Amino acid sequence: MSAAVELSKLRFAYRPGHDVIAIDALSIARGETVFLHGPSGSGKTTLLGLLAGVLRASAGQVKVLGQDFTTMSNGARDAFRARHLGYVFQMFNLIPYLSVRENILLPIRLESERRARLGGLSFDAAVRDVAGQLDIARYLDTPIGELSVGQQQRVAAARALIGSPEVVIADEPTSALDTDRREQFLELLFRSCEKANATLVFVSHDHTLMPLFSRIVELAEINTAAKVTRAPSTDGAT
Amino acid sequence: MMLILRLAFASLRSRKLTTALTVASIALSVTLLVGIETVRAGVRDSFAGTIRGVDLIVGARGGTLQVLLSTVFGIGNASGSVQLRTMERWQQHPAVKWVVPYSLGDSHRGFRVVGTSTAFYERYRFRKDGRLSFTAGRVAQADSEVVIGWDVAERLKYTVGTPVVVTHGLRDIGTSNHEAHPFRVVGVLQRTFTPIDRSVYVTLEGIEAMHGEGEYGASGGAAKGASESGASRQGATSKSASSKSASVIEANKRRAAAIPKAPPAGVPMAMPGAEPPPGTPMVMPGAEPPPPAPQAPPPRVAEPAVDTAKAEAEHDHGDDQITAFFVGTKNRFEALMLQREMNTDLVEPLTAIIPGVALGELWQNIGSAEVGLRVIAMFAVLISITGMLVALYSSLEARRREMAILRAIGAGPRTILALLVLESTLLAFLGCLIGVALVYGGLALAQSPIEQRFGIHLALRALGETEYTYLALVMISGMLIGIVPAWKAYRTSLVDGLSPRA
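Because the structure is a prediction, the values reported are computed rather than measured. (Residues numbered from 1 in each chain as written. Chains lettered and ligands numbered in written order. Predicted model: local features only at pLDDT ≥ 70, side-chain atom pairs only at ≥ 80, totals over all residues.)

## Details of the overall build of chain B
Selection criterion: The numbering of helices and of strands both runs from the N terminus, where a helix is a DSSP run of H or I of at least 4 residues and a strand a run of E of at least 2. Whether a residue is buried, exposed or partly exposed is read from the other C-beta atoms within 10 Å of its own C-beta, which are placed from the backbone; 20 or more gives buried, 12 or fewer gives exposed, and intermediate counts give partly exposed.
Within chain B, the secondary structure is distributed over 17 helices and 15 strands. In chain B, buried positions account for 43% of the 502 residues.

Below, the structure written as structure tokens:
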């Protein structure tokens with residue numbers, strides 16, 4: 001079985017000649033929970049964009065679940081992301097005019113393969129299942145605007161996890177939560193990932209969360225491009 | 001697809017105000033476009049509908065527009081006059097159903113005085129099938145009676161019974177007043193929004209009487225004879241031959257004859273010598289071409305007494321001049337043939353015009369107004385489509401984050417494109433619908449005020465080709481503008497759409 005994520009000789013630049021990402025090798029095994037951290041501007045979000053197949057590498061390879069993104073068309077990467085990845089953002093995760101239920105259902109509505117992975121479960125049952133795990137089953141019909149930030153973040157996690165994606169990518173999902181809620185949220189997230197047997201790539205600069213993860217990756221250490229262009233003193237500025 | 005539709009609707013509903021404003025801006029643009037087109041068509045139709053029901057207008061030899069302008073619009077002068085007997089001659093033509101004399105040259109306080117027959121009121125049509133009707137009174141029958149148009153009545157505050165003095169020539173000052181032959185208003189016409197509203201109508205005999213001033217006023221008998229002759233000519237002019245109208249005419253004649261001449265046409269100051277020598281131009285002079293044989297006998301034959309009067313009239317006024325005459329044909333298609341025949345009349349040089357054709361020609365000439373409207377419409381199209389695009393674009397731009405979320409969840413480029421294009425198309429469609437509804441609603445409400453105020457009848461009519469072109473343009477550009485933010489949303493990385501910095 002191939003690794004969940006495998007990077008080799010990866011280079012990425014928004015403008016030619018100004019590399020933001022330069023990673024020679026990184027491999028994440030399936031089922032791992034990875035804490036990816038680094039100072040602001042070290043290229044965390046860019047790296048996540050590459051892992052999610054939203055950005056295309058300038059050079060080198062990005063393999064997710066054995067598929068090489070660099071050889072895939074934009075459309076193929078979109079389809080792959082819809083099928084195999086779950087994505088949780090820092091903020092503004094949800095479509096405000098849809099209910100909690102509809103937000104969670106979006107991925108399986110958009111992608112038939114993800115739908116197929118419900119294994120005969122009805123939509124409603126699938127939503128209740130994942131919402132139950134994240135402790136938001138009560139809010140399924142509440143308007144998004146009436147939820148707290150923590151509840152919204154859990155809805156976003158539920159949406160990322162529905163239909164059992166192999167890889168879950170979370171981009172600073174706890175930055176808007178207070179400390180108590182952070183750990184609570186992470187616990188729920190871990191449990192759900194474990195149940196779905198998903199690999200979790202979690203980006204944060206909040207070092208207090210580090211001990212909860214099975215593996216820690218310091219981006220500044222492996223990203224040679226960032227060292228050149230960024231001063232480490234900006235750490236924690238956000 | 002269902003999902004996209006639901007998303008689109010939910011999203012539009014969630015932004016009610018923006019949606020409403022965008023739709024309103026599109027609707028107003030569409031209203032402007034369709035409205036301008038409606039006004040343009042309305043102006044044109046109002047113009048083209050100035051005169052209807054008349055197949056030919058015949059005047060002295062001159063330009064087509066001259067004949068049209070001088071008769072229908074009362075602008076400028078006719079190139080000359082036509083002999084009354086020429087009209088009577090053409091009346092015998094088998095293709096001719098009726099003729100109406102039209103005599104100009106006098107005025108009343110700036111309004112044109114038209115000498116005509118009773119058939120005029122019956123035959124004249126404006127707009128689609130508008131007939132002349134009276135707000136008060138009836139047609140002018142006796143030579144002292146006048147009918148006034150709506151504007152005349154309004155401006156001069158005249159009603160039935162008001163005495164009227166006609167001026168020779170078109171200006172009030174310095175020309176002779178026919179004070180010796182006063183008229184009295186017997187009828188006020190309903191508003192038509194045509195030059196008719198600004199005219200004063202008298203009988204041909206009225207004009208003769210005031211110009212003749214006592215020519216045949218030697219005795220009461222002569223005065224009666226004049227009125228009799230007038231009546232008979234009226235009868236002759238509408239030889240529609242249907243017995244019903246004939247009997248109406250007879251009744252009119254009798255009534256006309258019976259009306260007591262309050263201020264007698266010819267009072268004392270008679271000049272009997274001026275009367276044309278009797279006998280010369282007896283009935284239908286030799287100038288007439290071989291008369292078209294199988295004619296229904298004109299009504300005058302039926303009544304010998306009137307016949308004599310008729311003869312006397314011919315005798316009296318064989319050389320009478322009129323400005324023009326209107327012709328109705330039995331068959332529309334004969335109008336062209338008849339026009340050619342009249343234009344090549346060997347006895348008197350005539351110009352016969354087909355009003356519709358001449359109006360079209362005139363519209364071509366003064367069409368710069370229309371070109372102006374078209375240019376305005378074009379600018380309106382440009383501005384309103386630009387405005388609409390800005391509104392659509394900014395409402396879609398505001399949703400980049402939403403698009404980024406959808407994209408991250410797995411919506412492909414086609415989904416995003418379909419969503420945004422569907423939304424913008426939906427907005428454009430709604431805008432078109434409401435815009436057109438606004439035009440019709442507004443028209444229904446403003447139709448009569450506009451008609452009252454500007455004299456333009458804006459018809460509630462089906463959308464024309466131009467309107468559909470406008471609507472298609474709005475729809476297509478609305479559809480296309482959805483592509484731009486869709487493309488941008490797709491190109492924009494998640495970083496842009498999702499991090500709080502963005």
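Structure's up, so let's keep going.
## Notes on the overall build of chain A
To keep things clear, this is the line we draw: Remark: residues whose backbone-derived C-beta atoms lie within 7 Å of one another are considered to be in contact.
Counting its secondary structure elements, chain A contains nine helices and nine strands. In chain A, which comprises 238 residues, the share counted as buried stands at 47%. Put simply, 76% of the contacts in chain A that link residues at least 6 apart link residues at least 24 apart.

## Structural notes on the interface of chain A and chain B
Accessible area lost upon the coming together of the parts is a frequently used measure of interface size. The condition that has to hold: Amino acids are sorted into nonpolar (Ala, Val, Leu, Ile, Met, Phe, Trp, Tyr, Cys and Pro), charged (Asp, Glu, Lys and Arg) and polar (every other residue, Gly among them).
In this assembly, 27 residues from chain A lie in contact with 21 residues from chain B. Those elements that provide at least two residues to the side of chain A that touches chain B are helix 1 (44-51), helix 2 (74-84) and helix 3 (100-110) of chain A. It is helix 2 of chain A that contributes the most residues to the side of chain A that touches chain B, six residues altogether. Split into classes, the residues belonging to the side of chain A that touches chain B amount to 16 nonpolar, six polar and five charged.

## Brief notes about the sheet that holds strand 9 (residues 215-218) of chain A
Residue and element names in this part refer to chain A. Put simply, the rule reads: The rule for pairing is simple: two strands pair if DSSP sees at least two bridges between them. Here an axis means a line fitted to C-alpha atoms, over the contact stretch when the element is a helix, while the angle between two N-to-C directions is reported on a 0 to 180 degree scale.
Reading across the sheet, the five strands line up as 6-7-8-3-9 and stay open at both edges, with parallel pairing between neighbours. Each end of this open sheet is capped by a strand with a single partner; those strands are strand 6 (85-88) and strand 9. The mean angle between the axes of side-by-side strands here comes to 15°, regardless of whether they run parallel or antiparallel. Bridging between strand 3 (residues 33-37) and strand 8 (residues 199-203) involves four bridges; their strand directions are parallel.

## Here's the deal with the sheet that holds strand 2 (residues 19-28) of chain A
All names here are of chain A. Read from one edge of the open sheet, four strands run 2-1-4-5, paired in antiparallel fashion. Looking at strand neighbours, the two that pair on one side only are strand 2 and strand 5 (67-68), the edges of this open sheet. Where strand 1 (residues 5-13) and strand 2 come together, eight bridges link them in antiparallel fashion. In the strand pairing of strand 2, Arg11 is matched with Ala22.

## A closer look at the pairing of strand 11 (residues 183-189) of chain B
Residues and elements named next belong to chain B. Judged by how many residues are buried, strand 11 sits mostly within the fold: six of seven residues are covered. Two elements, strand 7 (residues 134-137) and strand 11, share three bridges in a ladder whose sense is antiparallel. Looking at the pairing, Gly137 lines up with Gly187 of strand 11. Pairing geometry for strand 8 (residues 145-148) and strand 11, over four bridges, is parallel. Bridge pairing links Glu145 to Arg184 in strand 11. In this sheet, strand 11 lies alongside strand 9 (residues 163-164) in antiparallel orientation, the contact comprising two bridges. From the neighbouring strand, Val164 faces strand 11, where its bridge partner is Phe183.

## Comments concerning the environment of Trp90 of chain B
Residue and element names in this part refer to chain B. The topology assignment puts Trp90 in helix 4 (residues 84-91). Classification of Trp90 as buried rests on a count of 25 C-beta atoms within 10 Å. Residues Trp90 and Val327, 237 residues apart in the sequence, show an inter-C-alpha distance of 9.1 Å. If near-sequence neighbours (up to four positions away) are discounted, Trp90 is found in contact with Val96, Val99 and Met342.

## Topic: unusual backbone geometry
Keep in mind that most residues, glycine aside, have a negative phi and that most peptide bonds are trans. All names here are of chain A. A positive phi angle, near 45°, is found at Lys9, a position not held by glycine. Tracing the backbone through its elements, the reader meets Lys9 in strand 1. Judged by the 12 C-beta atoms lying within 10 Å of it, Lys9 falls in the exposed class. The backbone of Glu172 sits at a positive phi, close to 45°, despite the residue not being glycine. Among the structural elements, Glu172 can be located in the loop between strand 7 (167-171) and helix 7 (179-196).

## Some words on helix 6 (residues 149-161) of chain A
Residues and elements named next belong to chain A. Rules: How far a helix is expected to stretch is found by multiplying one less than its residue total by 1.5 Å.
Here helix 6 is 13 residues long and its end C-alpha atoms lie 18 Å apart, about the 18 Å a rise of 1.5 Å per residue gives. Counting buried residues along helix 6, 11 of its 13 residues qualify, which places the element largely inside the surrounding structure. Those residues of helix 6 lying buried are Gln151, Gln152, Gln153, Arg154, Val155, Ala156, Ala157, Ala158, Arg159, Ala160 and Leu161. Gly163 lies just past helix 6 and shows a positive phi near 75°.

## Considering the nonpolar core
The nonpolar side chains of a soluble globular protein tend to be buried, and buried together. The cut-off we apply is this: In this usage, the nonpolar core is the set of buried Ala, Val, Leu, Ile, Met, Phe, Trp, Tyr and Cys residues whose C-beta atoms join them within 7 Å.
Of all hydrophobic cores here, the largest spans 109 residues; its most connected members are Leu51, Ala158, Ile169 and Val201 of chain A. The element best represented in this core is helix 15 (residues 413-454) of chain B, accounting for 10 residues. The residues touching Ala158 of chain A, leaving out its near neighbours within four places in the chain, are Ile104, Val130, Ala131, Leu134 and Ile136 of chain A. Within the second largest apolar cluster, 64 residues are counted, among which are Phe111, Val164, Val202 and Leu350 of chain B.

## Here we look at the confidence of the model for chain A
Residues and elements named next belong to chain A. The criterion, for reference: How sure the predictor is of each residue is captured by pLDDT, a score from 0 to 100.
Of the residues in chain A, 93% have a pLDDT of 70 or more, and the chain-wide mean is 82. The weakest mean pLDDT in chain A belongs to helix 9 (residues 224-229) at 59; the strongest belongs to strand 8 at 90. Here residues 228-238 scores under 50 on pLDDT; set against residues more than four positions off or in separate chains, the count is 11 contacts.

## What about helix 12 (residues 355-365) of chain B?
All names here are of chain B. Our working definition: Arc, as used here, means the arc of the directions from the helix axis to the C-beta atoms.
Those residues of helix 12 lying buried are Pro355, Ala358 and Leu359. In a view along the axis of helix 12, the buried residues occupy a sector of 100°, so they form one face of it. Buried residues in helix 12 make contact with helix 2 (16-48), strand 1 (56-60), helix 3 (64-73) and strand 15 (350-353).

## Some remarks on the environment of Asp135 of chain A
All names here are of chain A. If you trace the backbone, Asp135 turns up in the loop between helix 5 (123-133) and helix 6. Its 14 C-beta neighbours within 10 Å are what place Asp135 among the partly exposed residues. Considering only alpha carbons, one finds Asp135 and Val155, 20 residues apart in sequence, at a separation of 9.3 Å. Apart from residues lying up to four places away in sequence, Asp135 is in contact with Arg154 and Leu188.

## Notes on the packing of helix 2 of chain B against helix 13 (residues 368-397) of chain B
Formally: Reported orientations rely on four angle classes, namely roughly parallel under 35 degrees, roughly antiparallel over 145, roughly perpendicular from 65 to 115, and oblique for the rest.
Contact geometry of helix 2 of chain B with helix 13 of chain B gives a least axis separation of 9 Å together with a crossing angle of 170°. Classified by the angle their axes make, helix 2 of chain B and helix 13 of chain B are roughly antiparallel.

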